[in-house]
Amino acid sequence: MDLRENIKKVRAGIDAAARAAGRSPADVTLLAATKTQSSDTIRAAIRAGVTVCGENRVQELMAHLEDNAYEGAQVHFIGHLQTNKVKYVVGRVELIHSISSEKLLRAVAAQADKLGLVQDILLEINLAGEASKSGFSPDQALGAARLASGLGGVRLRGLMCIPPAAHAPGENFPYFESLRRLAVDIRREMMDNNIDIGLLSMGMSGDYFDAVAAGSTCVRVGSALFGPRTPMAFTHD
Ligand SMILES: *Cc1c(COP(=O)(O)O)cnc(C)c1O
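What counts, and at which threshold
- Residues numbered from 1 in each chain as written.
- Predicted model: local features only at pLDDT ≥ 70, side-chain atom pairs only at ≥ 80, totals over all residues.
- Heavy atoms only, no water.
- Helix = DSSP H or I, 4+ residues; strand = E, 2+ residues; numbered from the N terminus.
- Rg over C-alpha atoms; globule rule 2.2 N^0.38 Å.
- Buried < 20%, exposed > 50% of the residue type's maximum accessible area, 1.4 Å probe, protein only.
- Contact = heavy atoms within 4.5 Å.
- Areas by Shrake-Rupley, 256 points an atom, 1.4 Å probe, with all protein chains shown as cover.
- Near = heavy atom within 4 Å.
- Polar contact = N/O pair within 3.5 Å; in protein donor to acceptor, adjacent residues only side chain to side chain.
- Axes fitted to C-alpha atoms, helices over the stretch in contact; angles between N-to-C directions.
- Parallel < 35°, antiparallel > 145°, perpendicular 65-115°, else oblique.
- Left-handed = near helix turned anticlockwise from the far one by under 90°.

Draft legend 1. Region of the structure containing the overall build of the protein chain. For the protein chain, the count of helices and strands is 8 helices and 8 strands. In terms of overall size, the protein chain behaves like a compact globule, its C-alpha atoms giving a radius of gyration of 17 Å where 237 residues would be expected to give roughly 18 Å. Based on the C-alpha atoms only, the size of the protein chain along its principal axes is roughly 45 × 40 × 30 Å. Taking all 237 residues of the protein chain together, the buried fraction comes to 49%. For the protein chain, the share of sequence-separated contacts (at least 6 apart) that also reach a separation of at least 24 residues comes to 60%. Taken as a whole, the protein chain presents about 11,000 Å² of accessible surface, with 50% of it coming from carbon and sulfur.

Draft legend 2. Spatial organisation of the site of the ligand. Taken together, Ala33, Lys35, Asn56, Ile78, Ile162, Met204, Ser205, Arg220, Val221, Gly222, Ser223 and Arg229 make up all the residues around the ligand. Here a nitrogen atom of the ligand and a side-chain polar atom of Arg220 are 2.8 Å apart. Measuring from an oxygen atom of the ligand, one finds a side-chain N or O atom of Arg229 at 2.7 Å. Coverage of the ligand by the protein chains reaches 93% of its 380 Å² of free accessible surface.

Draft legend 3. A look at unusual backbone geometry. A positive phi is found at Thr36, a non-glycine position, where the angle reads about 70°. With respect to the element layout, Thr36 can be found in the loop between strand 1 (29–33) and helix 2 (39–47). With a phi close to 55°, Asn68 is a non-glycine residue in the positive phi region. Residue placement: Asn68 occurs in the loop between helix 3 (58–66) and strand 3 (74–77).

Draft legend 4. How the structure looks around the packing of helix 1 (residues 3–20) against helix 2. Their axes nearest at 9 Å, the elements helix 1 and helix 2 cross at an angle of 55°. When the interaxial angle is binned, helix 1 and helix 2 end up oblique. The interaxial crossing formed by helix 1 with helix 2 has right-handed handedness. Contacts between helix 1 and helix 2 involve Leu3, Arg4 and Ile7 from the former and Thr41, Ala44, Ala45 and Arg47 from the latter.

Written as structure tokens, this is what we have:
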């Protein structure tokens, strides 16, 4: 596996997808999904040009922070987060992508309040209504956005989704397109609050091309950069 070569390839794919959609490649961040990777691999990725790392598991986040593995890059939290682990994440990452329930939203805001900071967040939307995945239903999204904008400790920056695994090009485009539309609807409904929720975290190794075509501002890519993971990679904390 040649990390530098993989990063170049994925970045070129993102840029091509953006241009094909009439978008600026600079508007799409490549986030390296670093779950199961070692601190040394993370450092190598950052040396090779990765500017944002995304962690799935609190335990790995803490270990990599301890190792100073993210030096020179941002770190985001993208995985399932339990309310009792919020204290290990709030204030330690630039952005939490995976606010998936009202309970978690309130817990993150309360912890941020306690620390005297404002945590940037995205709302995770479960577009396909998959029981195996967390997130707000599209119907709940506006209510959650309103709640977030009323809580002092958080700043809502946008939406995130993890659609079902795609088996063919174009398959997930409708999901990505509906997340973009949902963000537009929320923005229109909440105009008075002067909020800026322009971030759309969507697209992974198998479908980032479609995500960028549909308006993604951040693709979260793991295996296309680091190679295949061990099967335990999808377990949660
Ligand atoms: C693992 C993971 C990714 C990256 O998945 P790949 O298919 O390896 O690119 C993206 N987002 C989340 C939330 C993940 O857990």
